[in-house]
Amino acid sequence: MLIHPWDAPHEDTEWQTWLAAHDFGQLAVNGLPGEPPCVQPLHFAYDADRAEVVTHLARPNPLWAALQADPQVLLSVVDDYVYVPGPWQAAPGTPAEHGVPTSFYAAVQLRCTAHVVDDPAEKADLLNRQLGHFQPAGGSAPATPDGPPYGRMLPGIRGLRLEVTDVRAKFKYAGQKPEEIQDRIAAALARRHGPHDSAAREHLLHRRNP
């Protein structure tokens, strides 16, 4: 992922705060020789204190063989993306039709070392950590190695602990443009008010006044 200086996080708390509100991404695993990469969409729970991600997948998932061959993986999370029409970006004093369209988006990529979890007690603990993240109000029985309802289901899944070894983050929101163009884009996003437009506008305005 290309990250220009003006698209980089102003500080670590920017990507950390953003990632804390995003828990669905794509896990990319190097494919076996002659095969393309494996890419698995999944929910996950990121534990900033432990610098790790926890998740689980069905035991028949074809990803496991590739993961065993190479545990170095990448978890990619992308959101707050919008299409920016060319006229919005036209330089001052030039025809609107000469503006170049682009995309805005936020992205965090976590490079990780994957650790497969097969021990029943450890899998139950991993599931409870996920439940604590996604259902903080409770409502579901805790997972135990031998109790209902999850005990009998544990053999059908394998857990994953992803040890985070590097983070790359990008917030592409016209950071290199003069304020006149940024103001025009912000106003246009507010008028359009489509999916993600409000979030993109918030990023644009926040990042120019760090």
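The structure this text deals with has already been given above.
Only a predicted model underlies this, so the values are computations on that prediction, with no experimental measurement involved. (Residues numbered from 1 in each chain as written. Predicted model: local features only at pLDDT ≥ 70, side-chain atom pairs only at ≥ 80, totals over all residues. Heavy atoms only, no water.)

J.: Where do I start with unusual backbone geometry in this structure?
T.: When glycine is set aside, most residues are seen to have a negative phi, and most peptide bonds are trans. Pro-149 follows Pro-148 through a cis peptide bond whose omega is -5 degrees. As for its placement among the helices and strands, Pro-149 is situated in the loop between helix H3 (120–134) and strand S7 (157–172). A positive phi angle is found at Ala-51, which is not glycine, with a value near 50 degrees. Mapping Ala-51 onto the fold places it in the loop between strand S3 (45–47) and strand S4 (52–58). A positive phi angle, near 60 degrees, is found at Ala-174, a position not held by glycine. With respect to the helices and strands, Ala-174 occurs in the loop between S7 and helix H4 (179–192). Accessibility expressed as a relative area gives 3% for Ala-174, which makes it buried. (Helix = DSSP H or I, 4+ residues; strand = E, 2+ residues; numbered from the N terminus. Buried < 20%, exposed > 50% of the residue type's maximum accessible area, 1.4 Å probe, protein only.)

J.: In this structure, what is going on with the pairing of strand S5 (residues 72–84)? I would like to understand it.
T.: The two faces of a sheet get side chains in turn, since along a regular strand they alternate between them. Examined bridge by bridge, strand S1 (residues 24–29) and S5 share four bridges and lie antiparallel to one another. Its bridge partner being in S5, Leu-27 is matched across the sheet by Leu-75. (Pairing = 2+ DSSP bridges.)

J.: I keep staring at the environment of Val-73 and nothing clicks. Help me out?
T.: Looking at where Val-73 falls in the secondary structure, it is placed in strand S5. Put simply, Val-73 and Gly-132 are 59 residues apart on the chain and 25 Å apart in space, counted from C-alpha to C-alpha. In this view, Val-73 contacts Leu-27, Ala-28, Val-29, Leu-67, Leu-110, Arg-111, Cys-112, Ala-114 and Leu-162; residues no more than four positions away in its chain are not counted. (Contact = heavy atoms within 4.5 Å.)

J.: Even after reading the chapter, I still don't get the pattern of salt bridges, so can you show me in this structure?
T.: Side chains that differ in charge, positive against negative, can pair when their charged atoms come close. Inspection of the entire model under this criterion finds ten salt bridges. Taking the shortest distance from any N to any O, the salt bridge between Asp-47 and Arg-50 comes out at 3.4 Å. For Arg-50, a relative accessible area of 51% gives the class exposed. Between Asp-47 and Arg-129 there is a salt bridge, with the nearest N and O atoms lying 3.2 Å from each other. Highlighted residues: Asp-47 in strand S3 and Arg-129 in helix H3, separated in sequence by 82 residues. (Salt bridge = Lys/Arg side-chain N within 4 Å of Asp/Glu carboxyl O.)

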